[in-house]
Amino acid sequence: MAHIVTLNTPSREDWLQQLADVITEPNELLQLLALDSHPELVAGRDARRLFALRVPRAFVWRMKKGDPQDPLLLQVLTAQQEFVDAPGYSTDPLDEQSSVVPGLLHKYKNRALLLVKGGCAVNCRYCFRRHFPYQDNQGNKRNWQNAIDYIRQHPELDEIIFSGGDPLMAKDHELDWLIGELEAIPHLKRLRIHSRLPVVIPARITEGLCQRLARSRLQVLLVTHINHAQEIDDALRHGMQMLKRAGVTLLNQSVLLRGINDNATTLAALSNALFDAGVLPYYLHVLDKVQGAAHFFVPDDEARAIVRELLSRVSGYMVPKLAREIGGEPSKTPLDLQLRQE
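What you are looking at is a predicted structure, and each value in this text was computed from that prediction instead of being measured.

Enquirer: Can you walk me through the overall build of the chain in this structure?
Expert: Helix and strand counts for the chain stand at twelve helices and 13 strands. Split into buried and exposed, the 342 residues of the chain put 55% on the buried side. Across the chain, the fraction of contacts at a sequence separation of at least 24, relative to all contacts at a separation of at least 6, is 83%.

Enquirer: Explanation requested: the UniProt feature "modified residue: N6-(pyridoxal phosphate)lysine" (unreviewed entry) in the chain in the structure shown.
Expert: Annotation from UniProt places "modified residue: N6-(pyridoxal phosphate)lysine" (unreviewed entry) at Lys332. Along the polypeptide, Lys332 turns up in the loop between β12 (321-324) and β13 (333-334).

Enquirer: In this structure, what is going on with the pairing of strand β7 (residues 159-164)? I would like to understand it.
Expert: Every regular strand shows the same layout, with side chains that alternate between the two sheet faces. Along β7, six of the six residues are buried, which leaves the element largely enclosed by surrounding structure. Covered by surrounding structure in β7 are Glu159, Ile161 and Ser163 together with Ile160, Phe162 and Gly164, the residues of both alternating faces. Here six bridges tie strand β6 (residues 111-117) to β7, and the two strands are oriented parallel to one another. Within β7, the position partnered with Leu114 by the bridge is Phe162. Bridge analysis of β7 against strand β8 (residues 190-195) gives four bridges, and the strand direction is parallel. In the strand pairing of β8, Ile160 is matched with Leu191. Where the polypeptide runs from β7 across helix α7 (residues 172-183) and back to β8, its parallel neighbour, the crossover connection is right-handed.

Enquirer: Explanation requested: the nonpolar core in the structure shown.
Expert: As a rule of thumb, soluble globular proteins bury nonpolar side chains together. Of all hydrophobic cores here, the largest spans 96 residues; its most connected members are Leu29, Val55, Met63, Phe162, Leu182 and Leu243. Each of domain 1 (14-83) and domain 2 (104-333) gives at least three residues to this core. Leave out the neighbours within four places in its chain, and Leu182 touches Ile148, Ile151, Ile160, Phe162, Leu188, Leu191, Arg217 and Leu218. Counting residues in hydrophobic clusters, the runner-up holds six residues, among them Leu221, Val223, Tyr282 and Ala323.

Enquirer: Looking at this structure, I do not really get the environment of Asn261. What am I missing?
Expert: For Asn261, the location among the structural elements is in the loop between β10 (249-255) and α11 (264-276). The spacing of Asn261 and Ala229 is 32 residues in sequence and 9.4 Å in space, taken between C-alpha atoms. At a separation of 2.9 Å, a polar atom in the side chain of Asn261 contacts the main-chain carbonyl oxygen of Val255.

Enquirer: Would you explain the packing of helix α6 (residues 141-152) against α7 in this entry?
Expert: The relative placement of two packed helices comes down to the angle between their axes together with the axis-to-axis distance. Between α6 and α7, whose axes approach to 10 Å, the crossing angle comes to 20 degrees. Here α7 runs roughly parallel to α6, going by the angle between their axes. Read as a crossing pair, α6 and α7 show a hand that is right-handed. Judged by residue contacts, Lys141, Trp144, Gln145, Ile148, Ile151 and Arg152 of α6 engage Glu174, Trp177, Leu178, Glu181 and Leu182 from α7. Its residues assigned to classes, the contact of α6 with α7 comprises six nonpolar, one polar and four charged.

Cut-offs and rules
Residues numbered from 1 in each chain as written. Predicted model: local features only at pLDDT ≥ 70, side-chain atom pairs only at ≥ 80, totals over all residues. Heavy atoms only, no water. Helix = DSSP H or I, 4+ residues; strand = E, 2+ residues; numbered from the N terminus. Buried < 20%, exposed > 50% of the residue type's maximum accessible area, 1.4 Å probe, protein only. Contact = heavy atoms within 4.5 Å. UniProt positions renumbered as here; feature names shortened; annotations may be inferred. Pairing = 2+ DSSP bridges. Right-handed = clockwise from strand over helix to strand, strands pointing away. Core = buried A, V, L, I, M, F, W, Y, C linked by side-chain atoms within 4.5 Å. Domains from an automatic or database assignment. Polar contact = N/O pair within 3.5 Å; in protein donor to acceptor, adjacent residues only side chain to side chain. Axes fitted to C-alpha atoms, helices over the stretch in contact; angles between N-to-C directions. Parallel < 35°, antiparallel > 145°, perpendicular 65-115°, else oblique. Left-handed = near helix turned anticlockwise from the far one by under 90°. Nonpolar A, V, L, I, M, F, W, Y, C, P; charged D, E, K, R; others polar.

Here it is in structure tokens:
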């Protein structure tokens, strides 16, 4: 019978140690989960040449040993399908690879994305930035200062979004400096942080980080990226409670993924687990058509039908907005729930 890998839970103070001790070899991951005898899984290991495998052990501990269809494993494991050159897919599906200054994307009128760090703790195989030129948008103080100068000169901006990579790859002292610089810009009201680190390494939510966010004059929001209820454990719930006590608004965005969460039952369980952890479901994104991820795609009409069924299973405030991002558009594009011919 399949079971969860169980190991001792690490303390909240060693997130950097956990970050350095990640699995990067498909064979090691499959052996740890007793799946190294599955030819189809083993055959996908060469896809690490297209996009490196990277997964923290704290995330692996939530995977079911012996289950080749584990929804957490399928999000991170290399697959043969990544070699398929799918029509309509590109290396820059959101037309992002031309920033106003290195590391800053002014995509929307009142808000801009600051790519704080280019790296992630985990490499999700469906990542829309898997081909992004992070080498040209490095997260360092020189680029941050240029971005801050741009933000200061654009009073229409009232919200800055920390993105990446993963912005919480920055150390607490780096975030302290960066937040302080933004707080000194009068027209800014809000700071939004999009991060998967609190999910894959819950120890990243430190007391120091929470204290810094609590004393900010900016309204702080954290948007987690959780696709399946199995990702939510006691360590994650504890981190979310720390952030709530610091006055941080907690939201979640998910991606609708074939074979992982593409049914109303799974999404209802996710919404309930999120709300129980103090996190409000925010967006459910249809897949961004990045080359190498076509096997995760769920067609729009199927997505609409799933969300219509979800509406009958959970309270309305637990239903995330079904949306797509289109490069060059001034906002996310909601998908209405009327079925239509594509």
